[in-house]
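Letter by letter, the chains look like this.
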Amino acid sequence: MSKNEIEKHVKGESLFVDDFTLPDRTWFASILDSPIAHGKIKHINIPADVRAFTYRDIPGENQIGNIIQDEHLLAEEEVNYIGEPIAIVVAETQEKAEADKRRIEFEFEEHEAVTEPREAFRRGMLIAPPVIFSIGNTEEAFNQCDYVIEDKVEIGGQEHLYLETQASIAIPGEDESVKIYSSTQSPTAVQRATAKVLGVAMNKVEVDVLRLGGGFGGKEDQATPWAAMCALAASLLNKPVKLRLSRQEDLRMTGKRHPYSADYKIGLTKEGKILAYEATFYQNAGACADLSTAILERTMFHATNSYFIPNVKTTGISCKTNLPPNTAFRGFGGPQAMFVIESAIFKAARQMNVEPYEIQRKNLLKEGDYFYYGQKVERCKVGKCWEGLEKNFVVSKKIEEIKKFNDSNKLFKKGFAFIPITFGISFTSKFLNQASALIHIYTDGSVGVSTAAVEMGQGVNEKIRIIVAKALGISLNKIKMETTNTTRAANTSPTAASSAADLNGNAALIAANELKKRLTETAGRILKTPGENIAIYKDKVWVGEKSSGINWEELVNRAYLMRVSLTEQAFYATPDIHFNRSVNKGRPFAYHVFGAAFVVSKIDVLRGVYEIEEVNVVHDYGESLNITIDKGQTEGGIVQGIGWLTLEELAQNEEGKLLSNSLSTYKIPDIYFTPKINIHFLEGSKNPYGPFKSKAIGEPPFMYGIGAYFSLLSAIKAYVGNIDFKIHSPLTPERALSLLSKKKLVKA
Ligand code: MTE
Ligand code: HPA
Ligand code: MOS
C-alpha cells in the first residue's frame, strides 16, 4: 500500500536531502563567496591545513551556463556579485568546514557596481541583443486614438523562499562515476553541468531526486551549481560530500524573480477600445544569463495579458547587473508583463474617468482573435470566466457594498479590482516539450512509475498516479511513484512551465495504455475469449459486465509465468507547436489557461496597513484530475502572487548588498494575511492536450495576485481622489502610506 504525498507530509514521514542517512566518511562543504559585488581577486591565501578547492582544481570546464555559456562554477580572476562562489571548503564536520572557511584570507580590488537595469543599459551591459515583437503599426494607430497615455512602471523582484534550501549529497563511485542526490527541478541540468565540470561523460553521473521542499522555479537552474560543487568536492576527495546552504547563504547567493523597469504607451478610443500598445521591458538579469533570455521571451508573449490589441510593439532588454543571477520564478516573466499592461489600463481609466474594469471587459480576447505573436485564440474561456464572477459571486453587489462602506467610513477605505488571466502552456523552447515514463508491474501486482517529473509540493506525483490508476483500472495504493532519476528517465526537461503533469502524465498514460492492452490480451488468452470482450477495472478482470473471477494480482502473476513483459517505457512530445524566431511569430503554446478574479481589499488610511479581504475566482481547469490539488495550487499561487506585489520587498544597497537578508527584514504573507479565497471551477472546458482533458495549474493562478495591487490602489483612490500615482511594486504599507499622504487636506 503506497501512501500519497499529503499523508507522508502530515505524518512527518517525508524525507528531504537534509534527512537522508549519510554514508560513512561523508565530508561537509561550505562555500566561500564574494563579499564584494564587482572587482578583481588580487590573491587568496588558503592555510596549509585547510582543504579547499578553487577553479584551478576543476578537471573539466569551469562553465555551467545553461542557455548562454557565461557562468563560472567558481570565480576565476573577477567577481561580479556578492555571494558569487569562489572556493569550496571541506571538512569532516560542517562546523569545521565553516571555521576553516573563516581562516582563508583574501584581497580584492573593488570596482564600481551597477544594480539598476536602466543604468546597465546606458552602459551597454546586456545579456543578449534586445528582442522586438510586433504586429500592425503602433505609430499610425496612436494618431487615431482619443487617449494616449505614457508612463513608467517599477516592478520588484521576489525571493523564492522554498522551505528546503539548496542541498545535495554526492557519492563517488568506481570508474570516475558519481551519484548525486539533489534538490533540483532539473536532474538532467545537474547531470550535464556536473559531467562538464568533472570532464567525464554524462553516463558517469547519476542524479536522483526524491522530492523538493518547494522549488517555485528557484531550483530549475540554480540547484545546479551546488550539486556540481558537491560532486566536484566528492570526486576530488574521493569521499561522499554533503552541501546544504543555510537560509542566509541561500538568500545571499541565489538569484530571485527578476525586477523589471518598464515604459509603456497605450492608446484608446473614447469608447475604451485599446488600439495600440507599446512597452519596453528592462529586465534586471543579474551577473549572468541563467534563464533570463527565456524569461524575457515569456514576458513578450504575455505583454497583452488577456486583451486583443491590433497594434502592438514590445521591446525586451536583458540587462546585466552586479547582482546574483536572477532566475525562473512561478510565471517565468509573465507576471511582470501582465502587471505592466494592467498598470497602463489603470492609468488610462483614470484619465478617461471610468473604472478600469470597463476597459478590461471591452478588450477581452474572443474566440478566433489572434495573439500578437501570431497564435490563434482557441477554446477561449476568458470571457466565460469573467461573466462567471457575476454569476457565482454577484460582484456587482459587492461593488455597491464597497461604495457604501467608503461613503460611511473616514478612516478605512475599501477597494476592488478585476484581473483576467491568460497564460500559455508549453515551454517556449520547443525542444523542451518532451517527457518519458517507465512503468514496471511487479509479480505481486504492485506498480512502480518513473517519469521525468519532480515532485515539489505541486502534486505532480499524485496526478500521475491517478492517470496510471485510471488507465490500468487499479486502485491508487498499488502505485508507487519512484524517485526522479537520470538512469530511468534520461534527457529530461526541468519540471517547470506548469507542464510536468501534462508532459509526464501523457507519457505515463501512453505506457499504461500499452500495458493495459497487453494484459487484456493475456486475460483473453487465459479465459479463451477475444481480448475485446475483456475489461480490467476495480482491480479485477471482467468479461462483458461479469467478473471473471480473476483479480489484478492473479492476472499479473499469470502474465509473468506466460513470459509477457510487465514493463513499458513511453515517450511524449507535444504536437502542434512551433515558433519562428526570425519573425517572432508562431504557435508556441499547445493551449492557454484562462481565468478571472475579483479582489477586495481594505486599507487603514492613517497607518497605510491593509488587508486583502477576499479573492473570488472563476478558473478554467479543463477537467480537473484532482480538485484538492488544483484548489491547493490556486490558493498557494494567489497568496504567493499577492506577496510579490504587497509585502515582499527585496532591498539592496548601492554596493549590491542584499539588506533584506533574513526573515526579519523580508516579509512574506502568512496564514493571517491570507484572504478568503472563493474558487469556482469553470464548467464545460475540455483540453485536448491534457491527460484526461485536464489543464496545467502550477503557475497561472499566481497572476491573480496582480488584482490585489490594483484593488489596494482603488482603496487608496477612494481616499485621495483620482490623482496620478506612480506605479511601483511592491505596495508595502510604507509605500501605501506615502500615496495616502498625497491627499489634500482642507484646513479647518
Ligand atoms: N507548488 C508547490 N507546492 N511547490 C512548488 O515549488 N512550483 C510552481 C508550481 N507550483 C511549486 C508549486 C512552479 S514555478 C511550477 S512551474 C509548477 O508548480 C511546476 O509543476 P507542474 O508542472 O507539475 O505544475
Ligand atoms: N517556462 C519555464 N521554464 C522554461 C521555459 C518556460 O517557458 N522555457 C525554458 N525554460
Ligand atoms: Mo516554474 S518558474 O516554470 O519552475
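In this convention, every chain numbers its residues from 1, walking through the sequence in written order. As a convention, the first chain written is A and the first ligand written is 1, with the rest following in written order. For this predicted model, a pLDDT threshold of at least 70 governs which residues receive local features, and a threshold of 80 or more governs which side-chain atom pairs are given and counted, while totals over whole chains, interfaces and linings are taken from all residues. In computing side-chain properties, one takes all heavy atoms of the structure into account and sets aside hydrogens as well as water.

K.L.:
For the site of ligand 1, give the residues involved together with the corresponding values.
P.N.:
Working definition: residue near molecule or strand if any one of its non-hydrogen atoms lies within 4 Å of it. Surrounding ligand 1, one finds 18 residues, the nearest of these being Gly 215, Phe 216, Met 456, Ala 500 and Gln 633. Polar contacts, as used here, are pairs of N or O atoms within 3.5 Å; protein pairs need one atom able to donate a hydrogen and one able to accept it. Residues neighboring in sequence count only if both atoms are side-chain atoms. At 3.5 Å from an oxygen atom of ligand 1 is found a main-chain nitrogen or oxygen belonging to Ser 498. Note that accessible areas follow from Shrake-Rupley with a 1.4 Å probe, and for residues the cover is restricted to the protein chains shown. Notes on ligand 1: free accessible area 520 Å², of which the protein chains cover 92%. In this structure, the shell around ligand 1 is formed jointly by two domains, domain 1 (382-425 + 588-748) and domain 2 (434-573), each of which donates at least three residues. Where each domain starts and ends comes from a domain assignment, either automatic or drawn from a database.

K.L.:
Got a sec to walk through the site of ligand 2? Specific residues and values, please.
P.N.:
Close contacts around ligand 2 come from Glu 220, Arg 298, Phe 332, Phe 427, Thr 428, Ser 429, Leu 432, Ala 496 and Ala 497, and that covers them all. In this structure, Glu 220 approaches ligand 2 through a side-chain N or O atom, which is 2.8 Å from a nitrogen atom. With respect to ligand 2, the backbone of Thr 428 contributes an N or O atom lying 3.3 Å from an oxygen atom. For ligand 2, whose free accessible area comes to 260 Å², the fraction covered by protein is 97%. In terms of residue class, the shell around ligand 2 is built from 5 nonpolar, 2 polar and 2 charged. In this count, Pro and Cys sit with the nonpolar residues alongside Ala, Val, Leu, Ile, Met, Phe, Trp and Tyr, while Asp, Glu, Lys and Arg are called charged and the others, Gly among them, polar.

K.L.:
Got a sec to walk through the packing of helix H16 (residues 627-645) against helix H17 (residues 705-720)? Specific residues and values, please.
P.N.:
Two measures define how a pair of helices packs: the angle their axes make with one another and the distance between the axes. H17 packs onto H16 with a crossing angle of 45° between their chain directions and a minimal axis gap of 7 Å. In this view, H16 runs oblique relative to H17, as classed from their interaxial angle. H16 and H17 meet at a crossing whose hand is right-handed. Facing H16, whose interface residues are Ile 638, Gly 641, Ile 642, Trp 644 and Leu 645, H17 presents Gly 705, Ile 706, Ala 708 and Tyr 709. Across the contact of H16 with H17, the residue classes break down as 7 nonpolar, 2 polar and no charged. To obtain an axis, a line is fitted to C-alpha atoms, over the contacting stretch when the element is a helix, and the angle between two such axes runs from 0 to 180 degrees between their N-to-C directions. Secondary structure is summarised from DSSP: a helix means a run of H or I of at least four residues, a strand means a run of E of at least two, and numbering begins at the N terminus for each. For this classification, under 35 degrees means roughly parallel, over 145 means roughly antiparallel, 65 to 115 means roughly perpendicular, and everything else is oblique. Take the far helix as the reference: if the near one is turned anticlockwise from it by less than a right angle, the crossing is left-handed, and if turned clockwise, right-handed. Contacts were defined at the residue level, with two residues in contact if any of their heavy atoms lie within 4.5 Å.

K.L.:
Which residues make up the nonpolar core, and what values go with them?
P.N.:
Buried residues of nine kinds, namely Ala, Val, Leu, Ile, Met, Phe, Trp, Tyr and Cys, make up a nonpolar core once their side-chain atoms join them within 4.5 Å. Partly exposed residues are those whose accessible area sits between 20% and 50% of the maximum for their type, while under 20% is buried and over 50% is exposed, using a 1.4 Å probe and protein chains only. Ranked by internal contacts, the top residues of the largest apolar core, which has 112 residues, are Ile 266, Tyr 277, Phe 281, Phe 339, Leu 713 and Ile 716. No other element matches the 11 residues that helix H9 (residues 334-352) contributes to this core. With residues near it in sequence (within four places) discarded, Ile 716 still touches Ile 603, Gly 721, Phe 725, Leu 731, Ala 736, Leu 739 and Leu 740. Membership of the second largest hydrophobic core comes to 47 residues, among which are Met 481, Ala 497, Ala 559 and Ala 570.

K.L.:
Can you lay out the pairing of strand S17 (residues 434-441) for me, pointing to particular residues and giving the numbers?
P.N.:
Each regular strand shows side chains that alternate between the opposite faces of the sheet. Of all 8 residues that make up S17, 6 are buried, and the element is covered over most of its length. The pairing of S17 with strand S24 (residues 567-573) spans 7 bridges and is antiparallel. Within S24, the position partnered with Leu 438 by the bridge is Gln 569. Should DSSP find at least two bridges between two strands, the strands are taken to pair. Bridge analysis of S17 against strand S18 (residues 447-451) gives 5 bridges, and the strand direction is antiparallel. Directly across from Ile 439, in S18, lies its bridge partner Val 449. With antiparallel pairing between neighbouring strands as the criterion, S17 and S18 make up a hairpin whose turn holds 5 residues, including Gly 445 at a positive phi of roughly 90°.

K.L.:
Go over helix H2 (residues 94-102), please, and point to the residues and values.
P.N.:
Among all positions of H2, only Ala 97, Asp 100 and Lys 101 are buried. Down the axis of H2, the buried set is contained in an arc of 105°. They therefore lie on one face. Opposite the packed face of H2, turned more than 90 degrees from it, sit the exposed residues Glu 95 and Arg 102. Summarising the contacts, the buried residues of H2 are in contact with strand S1 (27-33), strand S5 (85-91) and helix H7 (247-253). In this context, the arc is that of the directions from the helix axis out to the C-beta atoms.

K.L.:
For the packing of aromatic side chains, give the residues involved together with the corresponding values.
P.N.:
Note on ring pairs: Phe, Tyr and Trp rings are taken, using the six-membered ring of Trp, and paired if centres are within 6.5 Å. Classes follow the plane angle, with under 30 degrees stacked, over 60 edge-to-face and the rest tilted. Applying the stated rule across the entire model yields 30 aromatic pairs. Ring centres of Trp 386 and Phe 418 lie 4.7 Å apart, and the angle between their planes is 20°; this geometry places the pair in the stacked category. Taken as a pair, Trp 386 in helix H11 (residues 382-393) and Phe 418 in strand S16 (residues 412-425) lie far apart in primary sequence, 32 residues in all. Its relative accessible area of 8% is what places Trp 386 among the buried residues. An aromatic cluster is built from Phe 329, Phe 339, Phe 346, Trp 644, Phe 702, Tyr 709, Phe 710 and Phe 725, whose rings are joined through pairwise contacts.

K.L.:
Describe empty space enclosed by the protein, with residues and values.
P.N.:
Think of a ball as big as a water molecule: rolled over the atoms, this probe shows where empty space is left. Cavity and pocket criteria rest on a 1 Å grid covering protein atoms alone: a 1.4 Å probe that fits but cannot get out defines a cavity, protein on both sides within 12 Å along at least 5 of 7 lines defines an open pocket, and an atom within 4 Å of a point defines a lining residue. Grid points are joined across faces, edges and corners, and a volume is the space filled by probe spheres set on the points. Across all of its chains, the model carries 7 cavities of 30 Å³ or more by this definition. A volume near 130 Å³ is recorded for the largest cavity. Lining the largest cavity, in full, are Glu 342, Phe 346, Glu 355, Pro 356, Tyr 357, Gln 360, Phe 416, Ala 417, Phe 418, Phe 710 and Ser 714. Secondary structure elements with two or more residues in the lining of the largest cavity: H9, helix H10 (356-362), S16 and H17.

K.L.:
Explain the sheet that holds S18 to me, and be specific about the residues and the numbers.
P.N.:
With respect to topology, 4 strands assemble into an open sheet ordered S19-S18-S17-S24, the strand pairing being mixed. Edge positions in the sheet fall to strand S19 (479-481) and S24, since each has one partner strand and no second. In this sheet, adjacent strand axes meet at a mean angle of 20° when their direction is disregarded. Contacts from helix H14 (residues 500-527) reach S17, S18 and S24 within the one sheet, and its direction differs from that of S24 by about 140°.

K.L.:
With reference to specific residues and values, describe the domain arrangement of the chain.
P.N.:
Its domain assignment divides the chain into domain 1 (382-425 + 588-748) and domain 2 (434-573). Taking only C-alpha atoms into account, the centre of domain 1 sits 40 Å from that of domain 2. On the side of domain 2, 18 residues touch domain 1, which itself brings 17 residues to the contact. Together, Leu 625, Pro 691 and Phe 692 form the three largest contributors to the area buried by domain 1 at its contact with domain 2, with a combined 43%. Each reported salt bridge corresponds to a side-chain nitrogen of Lys or Arg within 4 Å of a carboxyl oxygen of Asp or Glu. Linking domain 1 to domain 2 there are 1 salt bridge. Here domain 1 is connected to domain 2 by 4 residue pairs in polar contact (both at pLDDT 80 or more). In terms of residue count, the dominant contributor to the side of domain 1 that touches domain 2 is H16 (3 residues). A breakdown of the residues in the side of domain 1 that touches domain 2 according to their chemical character gives 10 nonpolar, 4 polar and 3 charged. Two parts lose some accessible area (1.4 Å probe) when they are put together, and adding that loss for both gives the buried area.

K.L.:
Which residues make up unusual backbone geometry, and what values go with them?
P.N.:
With an omega of 0°, the peptide bond between Ser 729 and Pro 730 qualifies as cis. Notably, Leu 161 is not glycine yet its phi reads approximately 50°, a positive angle. Along the polypeptide, Leu 161 turns up in the loop between strand S8 (147-155) and strand S9 (167-172). Positive phi, normally seen in glycine, also occurs at Asn 491, with a value near 55°. With respect to the secondary-structure elements, Asn 491 resides in the loop between strand S20 (484-485) and H14.

K.L.:
Give a description of the sheet that holds strand S28 (residues 610-619) that names residues and reports values.
P.N.:
Spatially, 4 strands are ordered S16-S27-S28-S29 in an open sheet, and the strand pairing comes out mixed. Pairing within the sheet leaves two strands with one partner each, and these edge strands are S16 and strand S29 (676-681). Between one strand axis and the next, the sheet turns by 15° as a mean value, whatever way the strands run. Contacting S28 and S29, H16 runs over the sheet at an angle of about 135° to S29.

K.L.:
Which residues make up the pairing of S1, and what values go with them?
P.N.:
For S1, the buried fraction is high: 7 of the 7 residues fall into the buried class. Going residue by residue along S1, you find Trp 27, Ala 29, Ile 31 and Asp 33 tucked away on one face and Phe 28, Ser 30 and Leu 32 tucked away on the opposite face as well. Pairing analysis gives 2 bridges linking S1 to strand S12 (residues 241-244), with the strands arranged parallel. Looking at S12, one finds that Phe 28 is bridged to Lys 242.

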